[in-house]
Structures are given as C-alpha cells and as structure tokens.
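A look at the structure
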Amino acid sequence: MGILDGLNDKQYEAAAHVDGPQLIIAGAGSGKTRVLTHRIAYLIDACDVNPYNIMAITFTNKAAGEMRERVDRMGCFGAESVWVMTFHSTCVRILRRYIDRIGYDTNFTIYDSDDSKSLMKAVFKKLKIDPKFLKEASVLREIGRAKDELLGPTEYEEKYMADFSKRQYVECYKEYQTQLRNNNALDFDDLIRMTVYLFKDCPDVLDSYQERFKYIMVDEYQDTNTAQFELVRLLASKYRNLCVVGDDDQSIYKFRGANIMNILNFEKVYTDAKVVKLEQNYRSTPAILNAANAVIQNNKGRKDKALWTDREEEELVKIKKFPTGLDEAREVVAEMCKRNSKGIAPFGDNAILYRTNAQSRVFEEQLVREGVPYKLVGGVNFYARKEVKDLLAYLKAIDNAKHDLQVKRIINVPKRGIGDTTVQKVQDFADDNRMDFYEALTLAEQIPGLNKAAAKLVNFTEMISHFRETLREKGIAATFKELLADTAYEEEIIQADEENSEDRLQNINELFSKVVAFEEENPEGTLSEFLEETALVSDLDSLDENVSAVTLMTIHSAKGLEFPSVYLVGMEDGVFPSYMTINSESEEDLEEERRLAYVAITRAQDRLQISYATSRMIRGETQYNPKSRFLREIPAKYCEGETGAGDDYTAAKTSTYLGTATRSKAMDELHANPYALKPGFVPKKRQGLYGNKSVSQSKPVTFQTGAALAVGEKPAYEEGDRVRHIKFGEGTVFSIVKGPRDYQVTVDFDQAGRKIMYAAFAKLQKI
DNA sequence: CGTACTAGTCTTTTT
DNA sequence: GACTAGTACG
C-alpha cells in the first residue's frame, strides 16, 4: 500500500500504529508533521476510519492551518471533515454549544489580556487594594497559574487557606471570577478550564465527544499544561486511541504553565503506550546539528536521544564577536545585503532570532536604513493595537450591548465630552437598578445629576442603534464604513498628526480588508462570527512565507519554523540566558533556557551565525556582558571565527554610559521628518569606551523619501507610475481615488503586496 | 472635561 | 529609553 511510501522506518512505524496510546518523540526537523498527516491518511484509507472521527489538536492557528492544508493535500476521501484545530478554538466550539449546562450563557464573550487587566483594575478598586502594594499583573499571573492547574477560586482558597500571604490573591481571584461571570465573560485560561468542568459535570456531553473523537492526535505535546492534559485525557479515556507527538528538548513554555512531566511521564500514565523516537533530522547540516546536540546534552532531566543526519557537511557554524550591539546589527544586515546582491541568498532566506522582543529595534533601524524588506513578528499583536481595538470595541458594542467593557472603551472615543464622572454616575445608576451599563445609557434622561451630559449619552446610544440598523440592512463591511465616516475616527488620527499616524491609518485599512474578506468568504456570516475569529489569533498567524523578506522574531515564536540562514544574535550571559534565569539559582530555569538555545540552533538549515557584543544598550544603560555560557558549550570543531572561552570581559558589571550617547534614531526620524535621511546621510558617530571601527563606514541609504503633502493635496504621481515607499519599497500605483479628506492611493508593492494609503501620509516618491 | 506634564514601570518568553 | 497611568491645572 502506497500511503506510507517514502517514510523512513521509524516514521513508518509511528504512522502505522493505529489502536491504543502512542508517544512519538520527534526531534527537531525529524518530519513529525509528515508522520501525523500520513497517519491520518492511513487511518482513513487503510483502516476505514471515518474522517469525522479523527481529531488533531495544535497550539497555534498557524500550525493548525498548515496541518489542515497538508491533510487536504493527501487527497483522502472526506479529509475535510477531520477536525484540525487549536486547543482554544476547540474549546470555544464546544462551549458555544454546551456552556449553558454549567450556568453560562452560550453567547459568552472572550476577554483578551487587556480586558483582563482592566477588569482586575476594577477589582482592585472595589476591594480597595493599593496597586502600589500589589500588582495587577502579578495577581493575574497567579490566577492564570491556578487556572492552568484547574484550581477554581474555591479550590484555590482551600489549597492556600493556611497561607496568610495568599490572602489577597484569594480575595482578588474570587472577585475577579464573580465579575467575569456577571459579564458573561471567559478569559483565555477559562476556555480550557470550563471545558474540563463541563466534561466532568455532564457525562452525556463528554460521551458524545468521545464518540465523535475516536482517534485523537496532539501536536507539541511537551507544551501542554495540566488543564490541557486533563482535557485530552478525558476525551481519550473511552477509546484510548491517543497519539501524542512532542519533543521534551523543545519544551519552552513553562512560564505559561506547560508541564514537561506530561510528556516525560506519558509512559507511566499509559503503561501500554507504544513509544517511537524519530531521530533522523532532515533539516540541518552536521555542524549545526552537532552544535545543537552538544548544547542540549548539558541538560539532565531529558529523554535520551541524539539527532543525526546524512547530509553533507557544508559550512561550519559562524561565531562573531562585536564591540557593541549596534555594530552587531550593522554587520548582520550588511552580510545579508552582500549575500543577496551576490545572488547567494535572497532576503527571504534569512531570519534574525533573539531572546526578547526589545532586541528587534536596532535591527529594524538598520534594515530600514539599508532599504531591506523585513517582516517583524511579535511585539504588539495586530488585534491588540489601540486603533484596531477601538474599532473592534465599536463592532462588539454594535453586536451585543452587554459588552460593558467595550461600550465604556469607546463611549468617549473619539472625544465627545463624556468623562469619567459621567460614566461613573451611569454605572452607579445601573448597579442600583440591576441593569446593564448600556441599558442605563438609554435611560440617561432619568439619571439624576447628569445635566448636559445626558444629551450626549442619548446621541451616543442613537448612533449605536443606527449602526445596528445598518448592520441588519447592509452587512458588516457597510457598517464598518459608516462607523468610520460617522465617528470621524480617522480624522482624529490625522489631526493628532503623530509620527505613527500613517501606520495607524494603515492598520485601520487592514482591519477593513479583513472585514471585507470575511464577508466575501462567508456570505452568511454574522458579526459575532467575525469577532470570534479575531479573538484567538496571534501575530505569528499572519506570517506570510511567500514574501521574500528578512524575518525578525523571538526564539519562542520561531519554534516549528525553519530558515536556510539563521542569525542568532545577542548571545551574552544576561541577555541569553536572561538575567532572571542566571540569578534564579534554579537549575530547572536554566535548563528551560538551554532548551530555548537548542530550539534556536535547530531552526537553521544550511547556515548559522551566532553573535555577541562586548557592550550593549539595554533599557537606556550600557551593559558589559560576557559571552553566553551556551555558546561556550559548543565545541570549537563545529565552529569558525571567534571560539573558545574567556577571551572577553568576564566581570558582568553594569555601568551607565557616559557622554551623550547618540542612539541611532533612523526609525524615528524617518517617521517624523521625510527629509531626515537624505542619500549620503551619515549618522553621528558614537564615541564609546571602545573604539568603534565600523561607525564611519555607514553607507548612504539606498532610497530617497518623497516630500510630505498637505492633506488633500493632489499627489505628483499618477496611476501606473512606479513609486517608492519608506517601508514597502518599490511598487506600481494601482489607483488614486479622491476621498472625503484626502487622496487614497492604492499601490501594488513588489515585496509587500497591495496597500491602500492616504497620500498625505504615504510620502510616496515617483521614480 | 480636556490637556500637559510627571512619575513609575518595564523586559523573558505568549496561546 | 519608551510607554503608560496618574495628577494638577485651565
């Protein structure tokens, strides 16, 4: 039978195992997705399993999407009815149907971390807790941890009854959960937890899902937390056809509750489990693989394994040392430019990986300066940006007036003279009369003490109900358009005229495109369904591999991805491993960090460069850190360039930089002033304690930015013209349309694709 | 009620 | 250094 042809022996063994529990230990790059998809095909075609009875669970939407695509491509009959989803979306799906069985309304809302934080603030206020004494974030972290461990407020209280120091956490947790329930809302962690409760409380519901999911597969099993483990255990307990895939060496989410014991103890929980190890790596060169193995071998609690490859040796791992973080960024970008122009590697082959998001900035600045296209993953999630959240809040308020938090968010955005005191009066009235905030708003004229504000509130509710009418009659996109027009939201951004105005307008356009796309794809789709889609996506999900641009992201985000050429930067003790783990004295924390290093190294296919800097600006101060201990763990025989230990400043001391440090401000200047970077512009030299050889070599920028137009002024280019943009590079003007306030220009960029922008902000240059 | 300034926090990673 | 929340003042 041909379904499993082309798999190696181990892969075959794993894919052909059908009944009973199975643990697949899949090393980095060992083809685990391949095994999973082939196993699904095997179940359907060779074992006559109904595709409807197969479930594959992943952590990210991106992984789910890829799996979906590959399953569909196997071409098995009925493959589209295989359930391929993330943990979170699976739970939402189940809860929307059955959560009323445990006392919630099925049209519950999902709170993101921002919402949770606002709610916690309200909790503090109510309990009269001084935020200086206790941090909202730390309480939320504690609650999240409790929820990951399936401890509700009551269980949590019981467990820590004797612990006086947890007293306030208990109070906060109880109040927080009460308020969530009052708002008919669930936070992220509740999604999993409530599904587990539902299954435990309602055996008939559990049974129906056990009958549905007779064959269960879990990807990235090493990242499961206790709640997720329990969820899977319950679902699989009837038929016991549970196949989990993971790699204990890539467990890097302990801080989020992941319990590495779930994978290490799998064989103890399922004593009859079949265990298969995939150790052949199809991704990296021997040098890269050996380096990775050498590092991870320093960890103790791990399943014994060693990846191998039959690839030919090509290049050794490159180790580079730089005087400063700025030099590092400059040289890395220069190297990529060189390799690109020589035709060795297009920009899209490269990834820059770092420990923390904050490290991306220097690289961004250099990439912008050199006109290199790049994709930045992480930082602020698209749906978490202020303007996007504002507009989504409008849509949520239009969709369902019970979204108190959302209504309050936008009641005075843009400014319409409704202040905190007014809001508080309305809230008090609502509390006294036991009604929703929005309901109270509609009765503004009956609320005592509002005076002039009442009329403003009436205007607001009338506007919302008008939008509701539009929604019913003309659909989501039309409502969105009207929303923009009536609230003059964009005008406010244009008027404020901040340096990121253009980005913000662009985000609005992007959100609008998403609305339009949703409506086109789901002609019958409701606004609620659209909003649901936006609740569970991350920045990573939008990463487009078809665009040839350098990728910048944290190592965490890079898990599961691969790149021909990887630059692993900031390899210094105190940066990576982070300051926190070095000081924590806990060997476990350091081991988690080492696994992170392992993940980073194994992302590289053909070429890996690891670099560190003697001094580096962190949070406004210059730090001198020694080379990373992980770097020292790589034997010199796999490397070229700087190797060995102890060739640099080893006393990890911190000192504040003297003199006026001229931090590179390329980005800021580009946004603030279109003339800031003229060809030939050379940044001010940075004079530090260390001689800085490369500063004076700074190349002129490769592009010129266009002049700023006044809002509404006709641009100097026409349809069909070739133009250049600061960020997106070159493109062709598709259309120029005169909008109500300004010309809207649509450009098809060679790299970045089609963008719609306002002429006054785009600063396009005809070429 | 809105604005302008100040002080404090953040930085480990995020579905 | 950058962002945010909080405060004082008009």
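Residues numbered from 1 in each chain as written. Chains lettered and ligands numbered in written order. Predicted model: local features only at pLDDT ≥ 70, side-chain atom pairs only at ≥ 80, totals over all residues. Heavy atoms only, no water.

**Here's the deal with the pairing of strand 10 (residues 350-354)**
The buried count for strand 10 comes to five of five residues, which makes it a mostly enclosed element. Burial of the side chains of strand 10 extends over both faces: Asn-350, Ile-352 and Tyr-354 are buried on one face and Ala-351 and Leu-353 on the other. With four bridges joining them, strand 10 and strand 12 (residues 550-554) adopt parallel strand pairing. Each bridged residue has a counterpart across the sheet, and for Leu-353 the counterpart in strand 12 is Met-553. (Buried < 20%, exposed > 50% of the residue type's maximum accessible area, 1.4 Å probe, protein only. Helix = DSSP H or I, 4+ residues; strand = E, 2+ residues; numbered from the N terminus. Pairing = 2+ DSSP bridges.)

**Points about the packing of aromatic side chains**
How two aromatic rings sit relative to each other is given by the distance of their centres and the angle of their planes. A complete count under the given rule lists 14 aromatic pairs for this structure. For the pair Phe-480 and Phe-512, a centre-to-centre distance of 5.6 Å together with 25° between the ring planes defines the contact as stacked. Taken together, the residues span a long stretch of sequence, with Phe-480 in helix 22 (residues 476-487) and Phe-512 in helix 24 (residues 501-521) at a distance of 32 residues. Classification of Phe-480 by relative accessible area gives buried; the value is 0%. Consider the rings of Phe-576 and Phe-630, whose centres lie 5.6 Å apart with planes at 75°: the pair is edge-to-face. Taken together, the positions of Phe-576 in the loop between strand 13 (563-568) and helix 27 (579-584) and Phe-630 in helix 29 (residues 629-632) put the pair 54 residues apart, joining distant regions of the chain. Side by side, Phe-576 and Phe-630 carry an identical accessibility label, which is buried. Positioned over the ring face of Tyr-160 is Lys-166, at 4.4 Å from the centre of the ring. The ring of Tyr-52 is capped by Arg-212, whose NZ or CZ atom sits 3.7 Å from the centre of that ring. (Phe/Tyr/Trp six-rings, centres within 6.5 Å; stacked < 30°, edge-to-face > 60°. Lys NZ or Arg CZ within 6 Å of the ring centre and 35° of its normal.)

**Looking at the protein's contact with DNA strand B**
In the vicinity of DNA strand B lie 21 residues, with Phe-59, Arg-355, Thr-421, Thr-422 and Met-580 positioned nearest. Each atom of DNA strand B within 4 Å of the protein belongs either to a base or to sugar and phosphate, the latter forming 64%. Within the contact set of DNA strand B, a sugar or linking oxygen lies 3.5 Å away from a side-chain nitrogen or oxygen of Arg-256. One of the side-chain N or O atoms of Arg-355 is found 2.6 Å from a base oxygen in DNA strand B. Listed by contribution, the elements that provide at least two residues to the surface near DNA strand B are helix 19 (420-432) and helix 26 (555-558). Its residues assigned to classes, the surface near DNA strand B comprises three nonpolar, 13 polar and five charged. (Near = heavy atom within 4 Å. Polar contact = N/O pair within 3.5 Å; in protein donor to acceptor, adjacent residues only side chain to side chain. Nonpolar A, V, L, I, M, F, W, Y, C, P; charged D, E, K, R; others polar.)

**A short note on the sheet that holds strand 6 (residues 215-218)**
Spatial strand order, 3-2-6-7-1-8: six strands in an open sheet with parallel pairing. In this open sheet, the two strands that pair with only one neighbour each are strand 3 (83-86) and strand 8 (274-278). On average, adjacent strands in this sheet sit at an angle of 15° to one another, irrespective of strand direction. Alignment of strand 2 (residues 54-58) against strand 6, held across four bridges, turns out to be parallel. What sits directly across from Ala-56, in strand 6, is Met-217. The strands touched by helix 1 (residues 9-16) within the sheet are strand 1 (22-26) and strand 8, with strand 8 carrying the most contacts at an inclination of about 145°. (Axes fitted to C-alpha atoms, helices over the stretch in contact; angles between N-to-C directions. Contact = heavy atoms within 4.5 Å.)

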